[in-house]
Structures are given as structure tokens and as C-alpha cells.
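Structural overview
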Amino acid sequence: MPREEYQVPSAGAGGASSGNRIMRDQIEPPSNMVYRCGDCGGAVTLNKDALVACPHCAGRVLYKERTKRMVQFEAR
């Protein structure tokens, strides 16, 4: 395709515009993440705006739990 014929795609033509992101946030409920406390080992559920601290022991080292989904990599 010659350079002169190229047209820049508009943001509303299927791209990830801010309007699509707002609509997706309204459809999908915000998911809470589950972490493990590094001090006491308790389960901690945090949402996006929560303070990063264990409510049981006030420890601030939290580890993200491993996914339950099968993950497979292909080595070449």
C-alpha cells in the first residue's frame, strides 16, 4: 500500500478507547484479588483502592496466590 493511501484508524472503530473501557467496567464487577500474608499466612482479599496490609497482623508483605488455571508453555 502506498504511503499516500494510508489512513489513520479512528479510535471509535473498534480500538480500546476510553468509552469502551468505561462500558467494560460497568458490565464486569470489579474483582477482588486474594493474597497471602507473609507474616501470619492468612488470606487477605483486597480490591483496587484498599490499603496493602494484613487485617490480622498488620503485616505489609503480601504474596499473590498462584492461579488455578492450567498454564502451559511451548519451548522451541
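Residues numbered from 1 in each chain as written. Predicted model: local features only at pLDDT ≥ 70, side-chain atom pairs only at ≥ 80, totals over all residues. Heavy atoms only, no water.

As annotated in an unreviewed UniProt entry, the protein chain is DNA-directed RNA polymerase I, II, and III subunit RPABC4 from Stachybotrys chlorohalonatus.

1. Some thoughts on the overall build of the protein chain
Heads up, the rule is: Numbered from the N terminus, helices here are DSSP runs of H or I no shorter than four residues, and strands are runs of E no shorter than two. Partly exposed residues are those whose accessible area sits between 20% and 50% of the maximum for their type, while under 20% is buried and over 50% is exposed, using a 1.4 Å probe and protein chains only. Contact between two residues is taken to exist if any of their heavy atoms lie within 4.5 Å; hydrogens are not considered.
A tally of helices and strands in the protein chain yields 1 helix and 3 strands. Along its sequence from the N terminus, the protein chain presents helices and strands in the succession α-β-β-β. Burial analysis of the protein chain (76 residues in total) assigns 11% to the buried set. Considering only contacts within the protein chain whose residues lie at least 6 apart along the sequence, 25% involve residues at least 24 apart.

2. Details of unusual backbone geometry
If you check the backbone angles, Ala-58 has positive phi at about 65 degrees while not being a glycine. Tracing the sequence through the fold places Ala-58 in the loop between strand S2 (43-46) and strand S3 (62-64). On the basis of relative accessibility, which here comes to 54%, the residue Ala-58 falls in the exposed class.

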